[in-house]
Amino acid sequence: PPSPSSRRRHWGGTCVHGLARAMAETTASGAEAPKRWSRAADEKLRKMFLADARKRCDHKVREFVDCSKREGLAVVWKCREENKNMNACVSDFTTDDEWSRYRADKIAEFLKNGQIIVDSSIAYPGPPK
């Protein structure tokens, strides 16, 4: 199996260009063929979506981390409010509507640039859980 570092290189981290490389296909002559949106690409997009939500809630995550460092083993009882706030923030950014918008925007971006062909057989799987 590939090492974690080579896997990161293959997927290109979490950048959109890495997602495009993950979908790349080549023709028999070695020229790049149109890329098809696959389930693997959709899963990669979900991971990017969740990472973006966590970034948007960074301040709440930091509050929880600070509390957990301060309280040690009592984190379960003493940091309930911070944990609740952190989860509520992430939940606000990972609704069905947010996922639909994010996915549509990213696919439109690729279509606009002529980078992909979206296969109609890929059903909307819903937001990540």
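Thresholds, definitions, all that
Here the residue numbers are simple positions, counted from 1 along each chain's written sequence. In keeping with the predicted nature of the model, local features appear solely for residues at pLDDT of at least 70, side-chain atom pairs appear and are counted solely at 80 or more, and the whole-chain, interface and lining totals rest on all residues. No hydrogens and no water enter the side-chain calculation; it runs on all heavy atoms of the structure. Salt bridge criterion: a side-chain nitrogen from Lys or Arg within 4 Å of a carboxyl oxygen from Asp or Glu. Residue exposure (1.4 Å probe, protein chains only): buried if accessible area is under 20% of the type maximum, exposed if over 50%, otherwise partly exposed. Secondary structure follows DSSP: runs of H or I at least 4 residues long count as helices, runs of E at least 2 residues long count as strands, and numbering of each begins at the N terminus. Expected span of a helix, by definition, is 1.5 Å for each gap between consecutive residues, and there is one gap fewer than residues. For helices, the axis comes from a line fit to the C-alpha atoms of the stretch in contact; other axes are also lines fit to C-alpha atoms, and the angle between any two N-to-C directions lies between 0 and 180 degrees. Should an angle fall under 35 degrees it is taken as roughly parallel, and over 145 as roughly antiparallel, whereas 65 to 115 is taken as roughly perpendicular and any remaining angle as oblique. Crossings are classed by handedness, with left-handed meaning an anticlockwise turn of the near helix from the far one by less than a right angle and right-handed meaning a clockwise turn. For this analysis, residues touch if any pair of their heavy atoms sits within 4.5 Å. Each Phe, Tyr or Trp ring (for Trp, its six-membered ring) is paired with any other whose centre lies within 6.5 Å, and the angle between the two planes then decides the class: stacked below 30 degrees, edge-to-face above 60, tilted in between.

Caption draft 1: Up close: the pattern of salt bridges. Scanning all chains against the criterion turns up 10 salt bridges. Among the salt bridges present, the one from Lys 78 reaches Glu 71, with a minimum N-O distance of 3.9 Å. Of the residues examined, Lys 78 reaches a relative accessible area of 53% and is grouped as exposed. Judged by its relative accessible area of 24%, Glu 71 falls in the partly exposed class. Note that Arg 101 and Glu 98 form a salt bridge whose closest N and O atoms lie 3.0 Å from each other. In this pair, Arg 101 and Glu 98 are both assigned in helix 7 (residues 96–112), three residues apart and thus about one turn of the helix distant. The network of salt bridges with common partners includes Asp 42, Glu 43, Arg 46 and Arg 103.

Caption draft 2: Seen up close, helix 3 (residues 39–56). For helix 3, with 18 residues, the first-to-last C-alpha span of 26 Å sits near the 26 Å given by 1.5 Å per residue. Listed as buried for helix 3 are Ala 41, Asp 42, Lys 44, Leu 45, Arg 46, Met 48, Phe 49 and Ala 53.

Caption draft 3: Quick peek at the packing of helix 3 against helix 7. Between helix 3 and helix 7, the least distance of the axes is 11 Å, while the angle of their chain directions is 120 degrees. Taken as axis vectors, helix 3 and helix 7 run oblique relative to one another. The chirality of how helix 3 crosses helix 7 is right-handed. Between helix 3 and helix 7, the contacting residues are Asp 42, Leu 45, Arg 46, Met 48, Phe 49, Asp 52 and Arg 56 on the first element and Glu 98, Trp 99, Tyr 102, Arg 103 and Lys 106 on the second.

Caption draft 4: Seen up close, the side chain of Arg 46. As for its placement among the helices and strands, Arg 46 is situated in helix 3. On the accessibility criterion, Arg 46 (14% relative accessible area) is buried.

Caption draft 5: Here's a closer look at the environment of Val 61. Note on placement: Val 61 falls in helix 4 (residues 58–71). C-alpha separation for the pair Val 61 and Asn 87, spaced 26 residues apart in sequence, amounts to 8.7 Å.

Caption draft 6: The packing of aromatic side chains, seen in detail. One pass over the structure, following the stated rule, counts two aromatic pairs. Seen in terms of ring centroids, Phe 49 and Tyr 102 are 5.3 Å apart; in terms of plane orientation they differ by 55 degrees. Their pairing is tilted. Linking Phe 49 in helix 3 with Tyr 102 in helix 7, this pair joins segments that are 53 residues apart in sequence. Among the aromatic residues, ring-to-ring pairing joins Phe 49, Trp 99 and Tyr 102 into one connected group.

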